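Structural features, examined
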Amino acid sequence: MKKNLFRFFVAAFAMLLMVGTATAQERGDDSKQKSKNAEATGMIGDVKVRVTYGAPHVKGRTVFGGLEKWGRVWRAGANEATTVTFSQDVTVNGQDLAKGIYSFFLIPQEEGAWTAIFNKVPNQWGSYDYDKAEDALRVDVMPKTIDAQEVLLFAVDGDAGTLNMHWSTTGISLAIAGK
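Reference entry: report on the structure contained in this document. Note that the structure is a prediction, hence the values are computed from the model and not measured. (Residues numbered from 1 in each chain as written. Predicted model: local features only at pLDDT ≥ 70, side-chain atom pairs only at ≥ 80, totals over all residues. Heavy atoms only, no water.)

Remarks on the environment of Ala81
Position of Ala81 relative to the elements: it lies in strand β3 (residues 78–86). Classification of Ala81 as buried rests on a relative accessible area of 1%. As for Ala81 and Ser127, which are separated by 46 residues in sequence, their C-alpha atoms are 6.5 Å apart. (Helix = DSSP H or I, 4+ residues; strand = E, 2+ residues; numbered from the N terminus. Buried < 20%, exposed > 50% of the residue type's maximum accessible area, 1.4 Å probe, protein only.)

What about unusual backbone geometry?
With a phi close to 55 degrees, Ala76 is a non-glycine residue in the positive phi region. Along the chain, the position of Ala76 falls in the loop between β2 (47–55) and β3. We classify Ala76 as buried; its relative accessible area is 0%. Non-glycine residue Asn79 carries a positive phi angle of around 65 degrees. Take Asn79: it is sitting in strand β3.

Structural notes on the pattern of salt bridges
The final tally for this structure, using the stated rule, is three salt bridges. Across the salt bridge formed by Asp96 and Lys179, the nearest N and O atoms sit 3.3 Å from each other. Note that Asp96 is positioned in strand β5 (residues 95–97) and Lys179 in the segment after β10 (162–178), a separation of 83 residues in sequence. Its relative accessible area of 57% is what places Lys179 among the exposed residues. In this structure, the salt-bridge partner of Arg138 is Asp135, at a minimum N-O distance of 2.8 Å. On the basis of relative accessible area, Arg138 is assigned to the partly exposed category, the value being 29%. (Salt bridge = Lys/Arg side-chain N within 4 Å of Asp/Glu carboxyl O.)

Concerning the packing of aromatic side chains
Applying the stated criterion across every chain, the model contains 10 aromatic pairs. Seen in terms of ring centroids, Phe86 and Phe118 are 5.9 Å apart; in terms of plane orientation they differ by 50 degrees. Their pairing is tilted. One end of the pair, Phe86, is in strand β3; the other, Phe118, is in strand β7 (residues 114–119), and 32 residues separate them in sequence. Of the two residues examined, Phe86 and Phe118, each falls in the buried class. With centroids separated by 5.0 Å and ring planes inclined at 65 degrees, the aromatic side chains of Phe105 and Tyr130 adopt a geometry described as edge-to-face. Remark: Tyr130 occurs in the loop between β7 and β8 (135–141) and Phe105 occurs in strand β6 (residues 100–107); sequence separation between them is 25 residues. (Phe/Tyr/Trp six-rings, centres within 6.5 Å; stacked < 30°, edge-to-face > 60°.)

Shape descriptors only; they carry no functional weight alone.
See the structure below:
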């Protein structure tokens, strides 16, 4: 009995290690990267939403208009492009988007609305190979001033039906609804 129990625990531990390794390999090993991998998941109605991203720190820098230039496509994170997965067809700020995995980009603007982009090529490094022709959806989103957020943070708010990003003193919220 003790021998079987020991084998069970060894097998369970091995399975946990494999699952952890597979998850880490999905975005790559971040042990040598300054910006660690992060994930936000949640339910909005019946839709499972998952965001995977590299989470950079402000570190006293001017983020928007400095590190991230006005009017230029930004990967909405660090390292690999941020990805957003929807388990079902959705609307984003009232516009249709099919279920699937998308790279997610933002175009910050000094004034007015920013552009949020869902691109059909999820596995890309940063925005270096970004191709506008592969965009599945572009929507405008108004940034808002928030309390200082040192580490980039994405959150899925099921109660409000929003996908949120907060970094530095800027936040955005996208309205998400299942179809």
